[in-house]
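Residues per chain, in single letters:
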Amino acid sequence: MIPATNQRPAATILFIFGGSGDLNLRKLTPALYNLYLDKYLSDRFAVVGLGRSNYTDESFRERLLEGVQSFSRRKNGPDDAWKSFAPMVSYLQMDAGDKASYTKLSDFVADREKEWGVQANVVFYLAVAPQLVPGIATNLGKLPLCGDKSRVRIVVEKPFGRDLKTAQELNALLGGLFAEEQIYRIDHYLGKETVQNILALRFANSLFEPIWNRRYVDYVQITAAETVGLEGRGGYYEGSGALRDMIQNHLLQVLCMVATEAPISFDANEVRNKKVDVLNAIRRIKPEEVKDVAVRGQYGPGEKDGKPIPGYREEEGVKPDSTTETFAAVKLFVDNWRWEDVPFYLRTGKSLPEKATVITIQFKPAPYYAFPSEATHSWQSNRLTIGIQPGMDIRLRFQAKRPGQTLAIDPVEMVFSYKDAYAGQEPEAYETLLLDVMTGDATLFMRADQVEAAWKVVTPILDAWESETPDFPNYTPGSWGPEAAMQLVEKDGFHWMMK
Ligand code: BG6
C-alpha cells in the first residue's frame, strides 16, 4: 500500500525468473513500465529477465514492448518513453536448475552497484511454475547476498502449495533460506484498488462500522465470476480447480477485508494479524458437513453466439474424465462476537454469464413496519454492494417514498462510481504490488501463517471432494453454475446477488 508520501523506491535490481513467460509479458513489464511513466521507479533501476530462451537484450526488449502494446493499460507512453525505459531492461540466459549459474546474479548486482556507486535493493521474482520454486529458492538461498535481509526480497506467486501440507512444507523450506520479512507471497486481488478500498470504506467512515455486525447484517456474499474458460491453461488448472485457484486465496482474502476487526495501524503485521484472526475464526467444516456447505461444478459443452464451445473435458491439457471443478461455492461462518451465525457465501466459476467480482452486504429487514402493506409491494431490505471489477462502484440500497399523492415505498440506490469521482486510470494490481515489494511494504502480501490458515479452511472440502467422484459435467457454459449452487443459498431463504 503506497503511503501518502508516495515514497520512491531506492536503487533496485529486479530479477524475474520466467522472464520470457506470460506473466512477465502480460503483467509484470506493463506494470513496471507504468510505474516508470508515473515516475515511481528509481533512476537507478534495472530489471533482468532470466530464462532458458535465447534472447539478446535487444530482442528481449522488443518482445516486452509487444507485451506492453497488447496488455498495458497505457498501450503507449509519450514518444520516446519506451526508448528511455528500455535500457533498464536486460536478459540473462540461464537454466534455473544449474546451480553454478547463480553467481551470474551476484556478479550482475556487484557490477551495477559499482556503476551506481550505491548499494541496491535486490528482488527475485519467481514467475515460474510452482514445481520450480523450491529449487530456485534453494539455489538463491545459498548466495551470500541473500543473507542481507534488509535489502534482498523474494516474491513467490500463487499457487502457494496445493494443500495445507504442501504449503507448510514450502513455508518451512523458504523459512530456512530467507527471513519471513524477505518473503513476499503475492495475491494479486489485494493489489486491486477496490479491494484496498474496503478498509477505507469501513475504517475511514464512522457510518458503517456500528452496523457492520451480526445484529444488522443478514448475510454476506462474494462472487467472482468469469466468462472465460481455460484460456490454454489446462496444464495448470487440471491440478488446481476453482477452490484452490480462487477461493483459497483471492476470495478468502476479500472475506478477510470484509470481516476483519479494525487494525490499530497500517503496519504490515498489524493488518495481517487481524486478517489471520478472521481466517482462524472461520468455523471448521466437518467431513460429513461438506455436502451441505460446498458445491462444485464443471462446465460441459455448450454454445455461444450460435457457435459450439467445448466442455472443460474437451479443452487442451484436460483429461477426458477430469474431476477438476471449474465452479465452486461455499458457505462459511466466522465464529466471533461480530459475525456469529452470519453466513458468508462465496462462489466463483469459469464460463459464467458475466465477468464480475462483487461483494454484497445484505442487511436485515427493518424491525417494524408502520406503513400500510399496499404501500410496500416492492420493499426490499437495505443492501450495500461493492463492485470490485469491472464495475468499480459502491451502491447503497434503501427505501424511498415514490413521489405522488399515494403512499408507495420503493427501493432506490445511492451510487458511488470510481470512474465518475476520479479522473484518470487507477493503477493495475501488479503496479501497486511491485512498488510495495520495492519499497519493502508487505501489508498486501500473504504471511506464512495467513496462507496456512487459508488452507485450513478449504482442506476439509478438498479432502471430501477427493473421496467421491462427482457427476460432471453439471452446468452449461454461460449459466450460473450447477443447480445445487442456487440451493445452497435458497435453502436459507436467500438468492445470489450481483447488483
Ligand atoms: C488468477 C487465477 O489468480 O486469477 C485465474 O489463476 C483467474 O484462473 C484470475 O482467471 C482472475 O483474476 P482477475 O484479476 O481477472 O479477477
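Everything below is about the structure printed above this text.
Anyway, here's the lowdown on the structure attached to this text. As the structure is a computational prediction, the values presented were derived from the model and not from experiment.

Running from amino to carboxyl end, helix 5 (residues 133-141) crosses helix 6 (residues 164-177) at an angle of 15°, the nearest separation of the two axes being 9 Å. Judged by the angle between their axes, helix 5 and helix 6 are roughly parallel. Viewed along their axes, helix 5 and helix 6 form a crossing whose handedness is left-handed. Between helix 5 and helix 6, the residues in contact are V133, P134, A137, T138 and G141 and L170, L173, L174 and L177, respectively. For the contact of helix 5 with helix 6, the class distribution of residues is seven nonpolar, two polar and no charged.

Our next topic: the site of the ligand. If you check the shell around the ligand, you find 13 residues, and the closest are Y189, K192, E226, D245 and Q389. K355 is positioned with one of its side-chain polar atoms (N or O) 2.7 Å from an oxygen atom of the ligand. Between an oxygen atom of the ligand and a side-chain N or O atom of Q389, the distance comes to 2.6 Å. Considering every element that reaches the shell around the ligand, the biggest residue donor is helix 9 (residues 242-259), with three residues. Tallied by class, the residues present in the shell around the ligand amount to three nonpolar, three polar and seven charged.

Reading across from one edge, 3-2-1-4-5-6 is the order of the six strands in this open sheet, with parallel pairing throughout. At either margin of the open sheet sits one strand with a lone partner, and together these are strand 3 (89-93) and strand 6 (183-185). Across this sheet, the average inter-strand angle for adjacent strands is 20°, counted without regard to direction. Lying over the sheet, helix 1 (residues 22-37) contacts strand 1 (12-17), strand 2 (45-51) and strand 4 (121-126), oriented at roughly 170° with respect to strand 1. Taken strand by strand, helix 5 contacts strand 1, strand 4 and strand 5 (152-156), and its axis lies near 160° from that of strand 4.

This part covers the pairing of strand 13 (residues 356-363). Most of strand 13 sits inside the fold, with eight of its eight residues counted as buried. Of the two faces of strand 13, the one lined by A356, V358, T360 and Q362 and the one lined by T357, I359, I361 and F363 are each fully buried. With eight bridges joining them, strand 7 (residues 217-225) and strand 13 adopt antiparallel strand pairing. Residue pairing in the sheet places Q221 in a bridge with T360 of strand 13.

About the thresholds
Residues numbered from 1 in each chain as written. Predicted model: local features only at pLDDT ≥ 70, side-chain atom pairs only at ≥ 80, totals over all residues. Heavy atoms only, no water. Axes fitted to C-alpha atoms, helices over the stretch in contact; angles between N-to-C directions. Helix = DSSP H or I, 4+ residues; strand = E, 2+ residues; numbered from the N terminus. Parallel < 35°, antiparallel > 145°, perpendicular 65-115°, else oblique. Left-handed = near helix turned anticlockwise from the far one by under 90°. Contact = heavy atoms within 4.5 Å. Nonpolar A, V, L, I, M, F, W, Y, C, P; charged D, E, K, R; others polar. Near = heavy atom within 4 Å. Polar contact = N/O pair within 3.5 Å; in protein donor to acceptor, adjacent residues only side chain to side chain. Pairing = 2+ DSSP bridges. Buried < 20%, exposed > 50% of the residue type's maximum accessible area, 1.4 Å probe, protein only.

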